[in-house]
Amino acid sequence: MNIDFGRLIINDSRPLVFILSGAGLSAESGIPTFRGKDGLWKNLYPSEIASDTALKERPEDVFEFTTSESERPPPVCQTPLILQLHNFSSRLKNYCDVVHVTQNVDNLNELAGSPSVFHLHGDFQSSLCSRCKNTFPRLGLYKKDNVCPVCGASDYSVRPNVVLFGEMPYGLDWITSYLKKACVFMSVGTSGAVYPAANFVLDTEAAIRINFDIETGKRKNARFTHEITGPCSQTLPPVLEALKEELSSRFEDQKNK
Ligand code: OAD
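Source: prediction; values computed, not measured. (Residues numbered from 1 in each chain as written. Predicted model: local features only at pLDDT ≥ 70, side-chain atom pairs only at ≥ 80, totals over all residues. Heavy atoms only, no water.)

Peer 1: Explain the pairing of strand E7 (residues 184-188) here, please?
Peer 2: Counting buried residues along E7, 5 of its 5 residues qualify, which places the element largely inside the surrounding structure. Here E7 shows no split at all, with Val-184, Met-186 and Val-188 on one side and Phe-185 and Ser-187 on the other all buried. Where strand E1 (residues 16-21) and E7 come together, 5 bridges link them in parallel fashion. Paired with Val-17 across the strands is Val-184, a residue of E7. The sheet contact formed by E7 and strand E8 (residues 206-211) spans 5 bridges and is parallel. The residue of E8 that forms the bridge with Met-186 is Ile-208. (Buried < 20%, exposed > 50% of the residue type's maximum accessible area, 1.4 Å probe, protein only. Helix = DSSP H or I, 4+ residues; strand = E, 2+ residues; numbered from the N terminus. Pairing = 2+ DSSP bridges.)

This is the structure we're talking about:
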């Protein structure tokens, strides 16, 4: 793998690695992507079924869609790849911070033991009250009559805590400053079709894109310093290993000075 990590600029005594993941990270666990060959958006229009307007105009359709998506059977295989990401973060924690922001709404990271992964687009495990804006654990199916445990609102107020098209993703108040501080940004399994995540790379220095294929046209972003293609179960582990080697050797060097 031809990655010259030796050229990483580390200004801080405690480096930060920023990982942005997308549907490609969960794909090999059997969860379909959005824009791939059998992707969810091949036959559905997100504006009609997963947008703020659709929720206002046809809440029953949005509820039915998100319920059926969140009720998908559990992943066909366990999550070795995601476990590796988790292990990477754990093994580096003595001298490096790893921030993992995912666009995925599944709970594969949590199942692999990484409760601190941040869900930019929310998650299927929690509900959000449209009236009081509180979030709380999801109970059962989404129905018109579900009642918010905080303010008592009903009538489609208790909705899935997933960010719909037209709504603001979470974490935008702190993400930019972490991106600027990061010595490496890794984009894993995301098409770069959805903003603002697609623009995170603009705030970074060294940026690695790990994806099944190279994006072309509008989605191609020249800011990536490295493009690594192939299934991330094969491409991600050697990148993590090489990065761990580089960061740990620099840490040892610093300690010995
Ligand atoms: P996409 O479906 O747009 O992109 C998934 C990317 O993963 C594609 O570029 C695939 O080539 C790549 N991919 C597929 N299998 C892979 C594998 N085994 N290894 C590596 N890469 C693989 O999904 P996202 O970019 O995550 O929004 O989509 C972003 C957002 O659009 C989602 O969070 C969702 C969706 O509408 C909301 O839910 C708000």
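Peer 1: I keep staring at the sheet that holds strand E4 (residues 122-129) and nothing clicks. Help me out?
Peer 2: One open sheet accounts for 3 strands, arranged E5-E4-E6; its pairing is antiparallel. Because the sheet does not close on itself, it has two edges, and the strands there are strand E5 (135-137) and strand E6 (158-162). When the angles between neighbouring strand axes are averaged without regard to direction, this sheet yields 50 degrees. Here E4 pairs with E6 via 4 bridges, running antiparallel. Bridge pairing in E6 links Cys-129 to Val-158. Those strands touched by helix H4 (residues 59-70) are E4 and E6, and its axis lies near 55 degrees from that of E6. (Axes fitted to C-alpha atoms, helices over the stretch in contact; angles between N-to-C directions. Contact = heavy atoms within 4.5 Å.)

Peer 1: Got a minute to help me understand unusual backbone geometry in this structure?
Peer 2: Generally, phi is negative for residues other than glycine and the peptide bonds are trans, each holding for most cases. The peptide bond linking Tyr-195 to Pro-196 adopts the cis configuration, its omega dihedral lying at 5 degrees. Along the polypeptide, Pro-196 turns up in the loop between E7 and E8. Notably, Asp-155 is not glycine yet its phi reads approximately 55 degrees, a positive angle. Within the secondary structure, Asp-155 sits in the loop between E5 and E6. With phi around 70 degrees, Tyr-156 is a residue other than glycine that occupies positive phi space. Considering the arrangement of structural elements, one finds Tyr-156 in the loop between E5 and E6.

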